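# Understanding the architecture of this molecule
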Amino acid sequence: MTLVAGVDSSTQSCKVVVRDAETGALVRQGRASHPDGTEVAPAAWWDALQEAVAQAGGLDDVAAVAVGGQQHGMVALDADGEVVRDALLWNDTRSAGAARDLVTELGDGDVAAGAQAWASAIGSVPVASLTVTKLRWLRDAEPQNAARVAAVALPHDWLSWKLAGGLAAVGWDGLVTDRSDASGTGYWSPFTEDYRLDLLERAFGATPRLPRVLGPRQTGPTLASGALLGPGAGDNAGAALALGLQPGDVAVSIGTSGVVSAVATAPTADGSGLVTGFADATGAYLPLACTLNASRVLDAARRILGVDHAGLSELALSAPAGADGLVHVPYLEGERTPNKPDATGALHGMRLGNTTPAHLARAAVEGMLCSLADGIDALRDVGVPVERLFLIGGGAQSEAVRRLAPTVFGLDVHVPTPGEYVADGAARQAAWVLSGAAAAPSWSAASDAEVVSAPAEPHVRAQYAAARDLTVDRAS
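Notes on the structure in this doc start here. (Residues numbered from 1 in each chain as written. Predicted model: local features only at pLDDT ≥ 70, side-chain atom pairs only at ≥ 80, totals over all residues. Heavy atoms only, no water.)

Bringing the side chain of Gln 429 into the picture now. Along the chain, the position of Gln 429 falls in helix α15 (residues 421-435). Looking at Gln 429, its side chain comes within polar contact range of the main-chain nitrogen of Gly 232, at 2.7 Å. Not counting chain neighbours up to four residues away, the residues in contact with Gln 429 comprise Ala 66, Pro 216, Gly 230, Pro 231, Gly 232, Leu 241 and Ala 281. (Helix = DSSP H or I, 4+ residues; strand = E, 2+ residues; numbered from the N terminus. Polar contact = N/O pair within 3.5 Å; in protein donor to acceptor, adjacent residues only side chain to side chain. Contact = heavy atoms within 4.5 Å.)

Shown next as structure tokens:
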């Protein structure tokens, strides 16, 4: 049996899966936690990877490995390959002002023109999550650290490099990334398939070294064990690869963030900023809409109500659709889609009759799902077909989420068996580069998905939209 390994270095933890390269069968796995916060020392990711690898029985017997990871995080390196400062993660919003400045500057003062210019250049409009905005923040807020930056990597780039031995073993040329993660930086173009160094210099005032961008079947430096190193992927592209998504398929992922992503045959350029035009891990494209608030909305609701997740689900399902007019706008950590980084969450339509635990639970679940449904609509608005929905992520384990999703989305939802989709996608990529075949292996995580059907409840979306439109960004 030939083995391959896939890694998912996410916001909250590191997961490692070891699978049979031919069949995809799971052989063993490991997991380790990451520290909380939106600013993390990359060494913590490396420590967690070592722990997860040890739990998974090591990598000495695997023939290939690939790393998937959280997108956008800024890993700044000095000339010796050492980390300059703790990494700013995708959900760190301190660079929101920098994002607004970059948009305004590219439009010569016209925000709408600047937004479209960025979208036409890189497929996305800068928001606080993108790496390019964090580099602008670093330039202005910490000029001494900015002056030390010789190279900039993303979390999965840095971990792949560390696995290969880092600067001493493979040099700067061994620092590699893939097109899916590169497309989330703000200085790589899915239209030209190349870095936009002019935009990087505009943001940072310099052009530090960047990882080489590998194609879907290319390999990075070989590990000391002799294992091949795949190009890796951003987390959403890794999950799409695990699911074997095709054009017309949409994945709704409910994790720390909420992500609505689809495979497309051409890049998108949405000047509204609602849809980010990323690349995927297969050579196609992955337009997506991302929210900052997903499973943590459920966590907050259960804390308020003093119940566990099963109790929250039971309460939500005991209340009527629309919670008798109670609406939760779930912008608890600001929001990215729509771009309101300084907004707060709110409850609307409170009456004596609907301020029960059941109504509050229902409003929390429906509010989170309505926010994701806005992302589905945004994909449709830029011409992305939405024919089949997959529901994944930790939030998909909630019975209330599974049963209410079709009522909010207006489509059946396919719920695959729970798994580590990003790590599984990385393992599938590792098997792909090992085989050298033109297409990825046929095995995927979606083959046994449960289909959940329920009648649509249009009034839920309508009342949510009315409340959502009252929400303002405090910094606007």
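Okay, back to it.
Further remarks concern the pattern of salt bridges. Under the defined criterion, the tally for this structure stands at 23 salt bridges. With a shortest N-O distance of 3.0 Å, Arg 19 and Asp 424 are connected by a salt bridge. On the criterion of sequence distance, the pair formed by Arg 19 in strand β2 (residues 13-20) and Asp 424 in helix α15 is long-range, its members being 405 residues apart. Residue classification places Asp 424 among the buried residues on the basis of a relative accessible area of 7%. With a shortest N-O distance of 2.9 Å, Arg 85 and Glu 39 are connected by a salt bridge. Of this pair, Arg 85 sits in the loop between β6 (75-77) and β7 (87-88) while Glu 39 sits in strand β4 (residues 39-40); the two residues are 46 residues apart in sequence, bridging distant segments of the chain. A single salt-bridge network, built from bridges that share partners, covers Asp 374, Asp 377, Arg 380, Arg 461, Arg 468 and Asp 469. (Salt bridge = Lys/Arg side-chain N within 4 Å of Asp/Glu carboxyl O. Buried < 20%, exposed > 50% of the residue type's maximum accessible area, 1.4 Å probe, protein only.)

Okay, the state of the cysteines next. Under the criterion given, the structure shown has zero disulfides. No disulfide involves Cys 370; its nearest neighbouring cysteine sulfur is the one of Cys 290, lying 18 Å away. (Disulfide = S-S within 2.5 Å.)

Okay, helix α11 (residues 295-305) next. Taken as a whole, α11 has its buried residues at Ser 295, Val 297, Leu 298, Ala 300 and Ala 301. Taken together, the buried residues of α11 touch β15 (249-254), α12 (309-318), β19 (327-329), α13 (357-381) and α14 (399-409). Gly 306 sits one or two positions beyond α11 and adopts a positive phi of about 70°.

Right, let's talk about helix α4 (residues 131-141) for a bit. Of all eleven residues in α4, eight are buried; the element is thus mostly enclosed. The set of residues buried in α4 consists of Thr 131, Val 132, Thr 133, Lys 134, Leu 135, Arg 136, Trp 137 and Leu 138. Contacts made by the buried residues of α4 are with β7, α2 (96-106), α3 (111-122), α5 (143-148), β8 (151-153) and α9 (197-204).

We now examine the environment of Arg 403. Its location among the elements puts Arg 403 in helix α14. By relative accessible area, Arg 403 is classed as partly exposed at 44%. Expressed as a C-alpha distance, the spacing of Arg 403 and Asp 249, which sit 154 residues apart in the sequence, is 20 Å. Residues in contact with Arg 403, not counting those within four places in the same chain, are Leu 317, Val 452 and Ala 454.

This brings us to unusual backbone geometry. Of note in the backbone geometry, Glu 193 takes a positive phi value of approximately 55° without being a glycine. Summarising the element assignment, Glu 193 is placed in the loop between β10 (188-189) and β11 (194-195). For Asp 324, which is not glycine, the phi dihedral falls at a positive 50°. Tracing the backbone through its elements, the reader meets Asp 324 in the loop between α12 and β19. Owing to a relative accessible area of 45%, Asp 324 belongs among the partly exposed residues under this scheme.

As a further point, take the pairing of strand β5 (residues 62-69). Among the eight residues in β5, seven count as buried, and that is most of the element. In this sheet, β5 lies alongside strand β1 (residues 3-9) in parallel orientation, the contact comprising seven bridges. Bridge pairing links Ser 9 to Gly 69 in β5. Of the pairings in the sheet, the one linking β5 to strand β13 (residues 228-229) comprises two bridges and is parallel in character. Bridge pairing links Ala 64 to Leu 228 in β13. Pairing analysis gives two bridges linking β5 to strand β14 (residues 233-234), with the strands arranged parallel. Directly across from Gly 68, in β14, lies its bridge partner Ala 233. (Pairing = 2+ DSSP bridges.)

Any functional reading would require information beyond the geometric quantities listed.
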